[in-house]
Amino acid sequence: MTSVEICLDDLAGVRVAEEAGADRVELCAALAEGGITPSIGTVAGALRAARRIGIQVLIRQRPGDFVYDEDELQAMVDDIHSMRALPNPSGVTLGFVLGALRADGRINADATRRLVAACGEAPVTFHKAFDQLPDRAEALEQLVDLGVSRVLTSAGAPSALEGADGLARLVKQAGDRIAVLAGGGVRPANAAELVERSGVREVHLRAPLTVATVAAGAPTAYDHGSREVTSADVVRGVVDAVSGAGAGAGAAPTAAGERLA
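Just so it is clear, the model here is predicted, and its values are computed rather than measured.

S.K.: It is not clear to me how the overall build of the chain should be interpreted in this structure. Could you clarify?
M.R.: Within the chain, the secondary structure is distributed over eight helices and 10 strands. Taking 18 Å as the expected radius of gyration for a compact globule of 261 residues, we find that the chain reaches 18 Å, a close match to that expectation. Its C-alpha atoms give the chain principal-axis dimensions of about 55 × 45 × 35 Å. When each of the 261 residues of the chain is scored for burial, the buried share is 52%. Within the chain, residue pairs in contact and separated by at least 24 positions form 67% of the contacts whose partners lie at least 6 positions apart. With the model as given, the accessible surface of the chain reaches about 11300 Å², and the carbon-plus-sulfur share is 51%. In the chain, the 25 positive side-chain charges and the 34 negative ones have mean positions that sit 3 Å from each other.

S.K.: Is there a simple way to think about the layout of surface pockets in this case?
M.R.: Here the idea is plain: a probe the size of a water molecule rolls over the atoms and shows the empty space left. A volume near 410 Å³ is recorded for the largest pocket. C7, G34, K128, L152 and H204 are, among the 21 residues lining the largest pocket, the residues nearest its centre. A total of three residues in the lining of the largest pocket trace back to one element, the largest contributor, which is strand 8 (residues 202–206). A breakdown of the residues in the lining of the largest pocket according to their chemical character gives nine nonpolar, seven polar and five charged.

Scoring rules and cut-offs
- Residues numbered from 1 in each chain as written.
- Predicted model: local features only at pLDDT ≥ 70, side-chain atom pairs only at ≥ 80, totals over all residues.
- Heavy atoms only, no water.
- Helix = DSSP H or I, 4+ residues; strand = E, 2+ residues; numbered from the N terminus.
- Rg over C-alpha atoms; globule rule 2.2 N^0.38 Å.
- Buried < 20%, exposed > 50% of the residue type's maximum accessible area, 1.4 Å probe, protein only.
- Contact = heavy atoms within 4.5 Å.
- Areas by Shrake-Rupley, 256 points an atom, 1.4 Å probe, with all protein chains shown as cover.
- Lys, Arg positive; Asp, Glu negative; His and termini not counted.
- Charge placed at Lys NZ, Arg CZ, Asp CG, Glu CD.
- 1 Å grid on protein atoms, 1.4 Å probe; cavity = no way out; pocket = protein on both sides within 12 Å on 5 of 7 lines; lining within 4 Å.
- Points joined across faces, edges and corners; volume = space filled by probe spheres on them.
- Nonpolar A, V, L, I, M, F, W, Y, C, P; charged D, E, K, R; others polar.

Honestly, that's just the spatial picture; any functional story needs more than this.
This is how it looks when you write it as structure tokens:
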């Protein structure tokens, strides 16, 4: 079985993704800026809305690079602690999406270890900063040693489908030690091919739908007259596409010790 994770920054999208059959969401803010940590109120709302779907929260203090100073790193640790303390009425899986690099473009092991430690037993995804690394095979071993549950990647390619061969190598290397979550241009039309060619058992995508805003008046710098929400049709299309795909030999299992929501 292939799990589907939806990246979103609209709170209503949590219910949309769940009802359309997704397994997890990656909850963010400001996806137009590449995504940053959502507010604690947004995370609390997502936990209230979810009934079965897992919530992975992006921990990224600011846009831009992934080289953090001490103040930024401590802010991210504090965010993780605060979110773990929130009520979780349905007991859904709460995890975190994070990553820290050094100025030389390699994983900042000390910073990542500190963030992972703050997560406790919660599942941890290392985000697509992974694709910036010069030696992804070496980096994958480092992430295993750091206790990361999964890595989000297109194997450095512009899209996951274009990186299918590289993803297949990562899946083989990972075995059952860490999950490989394929992301980048995943759509209903290519999701099954991606799973079959790469052997990944998890896919990640945004499912945006542009809708008109409801406020009256002319567009302004703050309201351009439209916004993006999560499309149930796109989510459902990918869920249907990957259903039964990749069931053959070589598909990687879900990260050890983590249940699918």
